[in-house]
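What follows is each chain in one-letter form.
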Amino acid sequence: CSDGAVRLVGGSDAKEGRVEVCFNNSWSSVCSEGWDSNDAAVVCRQLGLMPQSAMAVPFGPGLGPIALENVSCSGSEQSLLQCPSDMTEGGSSQCTEHAGTVCEPPCALDGLTECGLSPTDGGINREEVCFCSSDCVDFGDCCRDVRSLANCTVGAPVCNDSDVRLEEGTRAWNGRLEVCVHGQWGSVCDRHFEELDAQVVCRELGFPTQNAFALPGGTFGQIERIWLAGVECLGIESSILECQSMGPGNFIPCRFGNASGVWCAGAAPPECNETDIRLANGTSPSNGRVEVCHRGVWGTVCGDGWDERDAAVVCRELGQETAHAVPIFELTFGSGTGPIVLDDVECTGQEPRLTECDHPGNLVHNCFRIQEASVSCRETPVARCTDGLPAVAEEELNRFGVCEP
C-alpha cells in the first residue's frame with residue numbers, strides 16, 4: 001500500500017468497515033477513542049465517498065498494530081494524516097477498540113435538473129447540495145437549494161403537515177423525533193437541540209414537560225430525511241415548528257446519523273432516584289451492566305476508555321470489593337433500554353461515586369449499544385452461567401473468572 005492511504009475493512013462492502021491507514025507500506029488500525037463523525041467524514045472524503053453522511057461506528061478489533069490515537073479532525077481535511085493525532089511507537093498502543101466508519105457513495109446531480117436547476121447553476125457545490133440521492137423525489141436529501149423546492153415532487157403524502165411523532169423508542173414517550181413536512185416524515189438535527197426544545201416536543205405530544213430531555217443523534221436510529229436544524233425554542237411554544245430553526249427549504253448543515261431523540265421522562269413514574277447506580281442483568285449481585293439513574297430513568301454507561309479504575313469506583317459505590325474489580329465489554333450482559341448517560345468516564349479509582357469522575361456531561365456521547373460498560377466486582381466464581389446467556393457472554397464471563405466451569 002502507499003503511505004497515507006486509507007481503506008475500510010470488515011464491513012459488508014467497501015463503503016463501511018474498520019478504518020485502516022497505510023504506514024511503512026503496511027496496513028494499521030486507528031484507535032476509536034475520541035473518534036467521531038468529523039474524523040469519519042475525512043476518511044469518506046479521502047475514499048471519494050460522501051462526507052456528509054459519514055458515521056463513526058464500531059467494527060471490531062483489527063489484526064494489525066494501531067498506528068494512530070486521539071485523532072481530532074475538523075471534518076474539512078482532505079486526508080486522515082492532515083488531522084491532529086498521536087502516532088504510536090512502532091504501532092504499540094494500549095487501545096483495545098478500533099475506529100470504524102460508514103460512508104455513502106457520491107450521488108449524481110442529474111436529478112437537480114428536474115427541480116429546475118442545472119448541476120452548474122449558481123455554482124452548486126456537489127458536497128453541499130447532493131446528499132446520497134439523485135432523484136428529485138428524495139429532495140429532502142439531494143435538492144437542498146431553496147430555489148429548487150417549489151418545483152420538486154415528493155410523492156404521495158404519508159402524514160399530515162406539522163405532525164410530530166417519536167419513533168423507535170421503548171415507550172410512547174421516547175424515541176427519534178420526526179416532523180411531517182410536505183407530507184413526508186423527516187428528522188431534526190441534534191446540533192444545539194437541548195432541554196427546552198425537548199420540553200416543547202413533549203408538550204405537543206401531550207406528555208408532561210417535567211424531566212424532558214434531549215438525546216444525541218443515533219440514539220434511536222436514523223431516517224433518510226432531515227427537515228430541521230438549529231432548533232432554538234423558548235420552551236413555551238405549542239409546536240416544535242413554531243421554534244426558530246433552519247427549516248424546510250433551506251440547506252440543512254447536518255450529517256446523516258445526527259437525528260435528535262427526545263425522552264419525556266415525566267410521562268411515567270420514576271424508576272429510580274437521581275443518585276442510584278446498579279449492575280443489571282448479571283449472574284449475581286456482583287456483576288452486570290452498569291446503569292445510572294438520570295431524571296428518574298435507568299441509563300447506561302459507554303465503555304469508551306472503561307478500565308479497572310472506573311470499575312473499582314462502581315464496586316465501591318455499591319459496597320462491594322474493589323481489589324478485584326474488572327471492566328467488561330462487548331454486551332456480555334446485554335444492552336440497556338434507557339439512554340446512554342455517561343461516556344469517556346475517567347476515574348482515578350478513589351472517587352466515592354461514578355458521577356464524580358471526569359466525563360463530558362450527562363447524555364454527551366458518541367457511543368453505540370454494543371459499547372456499553374459492565375463490571376465484575378469479585379475475582380472468585382460467583383455463579384454458574386445460565387443456559388440463557390449467549391455463548392459470547394459465557395466465554396467473556398469465564399475469561400474473567402466470574403462463572404463456574
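Residues numbered from 1 in each chain as written. Predicted model: local features only at pLDDT ≥ 70, side-chain atom pairs only at ≥ 80, totals over all residues. Heavy atoms only, no water.

J.: Would you mind going over the overall build of the protein chain in detail, with residue names and values included?
T.: If you tally the helices and strands in the protein chain, you get seven helices and 22 strands. By the burial criterion, 51% of the 405 residues in the protein chain qualify as buried. Considering only residue pairs separated by 6 or more positions, the protein chain has 67% of its internal contacts joining residues 24 or more positions apart. (Helix = DSSP H or I, 4+ residues; strand = E, 2+ residues; numbered from the N terminus. Buried < 20%, exposed > 50% of the residue type's maximum accessible area, 1.4 Å probe, protein only. Contact = heavy atoms within 4.5 Å.)

J.: Before we move on, could you go through the state of the cysteines and cite the residues and values that matter?
T.: Scanning all chains against the criterion turns up nine disulfides. Residue pairing for C44: its cysteine sulfur links by disulfide to C103, the two sulfurs lying 1.9 Å apart. Every disulfide takes its handedness from the sign of the S-S torsion; for C44 and C103 that torsion is -90 degrees, giving left-handed. Here C44 is found in helix α1 (residues 37–46), whereas its partner C103 is found in strand β7 (residues 100–104), with 59 residues between them in sequence. Assessed through its relative accessible area of 0%, C44 is described here as buried. For C103, a relative accessible area of 2% gives the class buried. Disulfide pairing places C233 opposite C243 at an S-S distance of 2.0 Å. Disulfide C233 to C243: torsion about the S-S bond roughly 105 degrees, handedness right-handed. Of the two residues, C233 is situated in the loop between β12 (226–232) and β13 (244–246) and C243 in the loop between β12 and β13; the sequence distance between them amounts to ten residues. (Disulfide = S-S within 2.5 Å.)

J.: Requested: an account of the pattern of salt bridges, with residues and values cited.
T.: Following the criterion strictly, the structure yields ten salt bridges and no others. The shortest N-O distance in the salt bridge between R289 and E291 comes to 2.9 Å. In this structure, R289 and E291 share a single accessibility class: buried. Connected through shared salt-bridge partners, R165, E167, R176 and E178 make up one network. (Salt bridge = Lys/Arg side-chain N within 4 Å of Asp/Glu carboxyl O.)

J.: Any chance you could break down the packing of aromatic side chains for me, citing the residues and the numbers?
T.: Considering all chains together, one arrives at two aromatic pairs under this definition. Aromatic pair F213 and W263: ring centres 6.1 Å apart, planes at 10 degrees, arrangement stacked. Note that F213 is positioned in strand β11 (residues 212–215) and W263 in strand β14 (residues 261–264), a separation of 50 residues in sequence. Across this residue pair, the class does not change: F213 and W263 are buried. Relative to W263, the ring of F220 lies with its centre 6.3 Å away and its plane at 40 degrees, an arrangement referred to as tilted. Here W263 lies in strand β14 and F220 lies in the loop between β11 and β12, a separation of 43 residues in the sequence. An aromatic cluster is present here, built from F213, F220 and W263 joined pairwise through their rings. (Phe/Tyr/Trp six-rings, centres within 6.5 Å; stacked < 30°, edge-to-face > 60°.)

J.: I'd like a description of the environment of V6, backed by residues and values.
T.: With respect to the secondary-structure elements, V6 resides in strand β1 (residues 6–10). Distance in space between the C-alpha atoms of V6 and L80 is 7.9 Å, their sequence separation being 74 residues. Sequence-distant contacts of V6, defined by excluding residues within four places in its chain, comprise E20, V21, W27, V43, Q46, L47 and L80.

J.: Report on the environment of H294, specifying residues and quantitative values.
T.: Within the element layout of this structure, H294 appears in strand β16 (residues 287–294). In this structure H294 comes out as buried when scored by relative accessible area, which is 6%. When the C-alpha atoms of H294 and D276 are compared, they prove to be 8.7 Å apart, with 18 residues separating the residues in sequence. Excluding residues within four positions of it along the chain, H294 makes contact with F213, E274, V341, N362 and L363.

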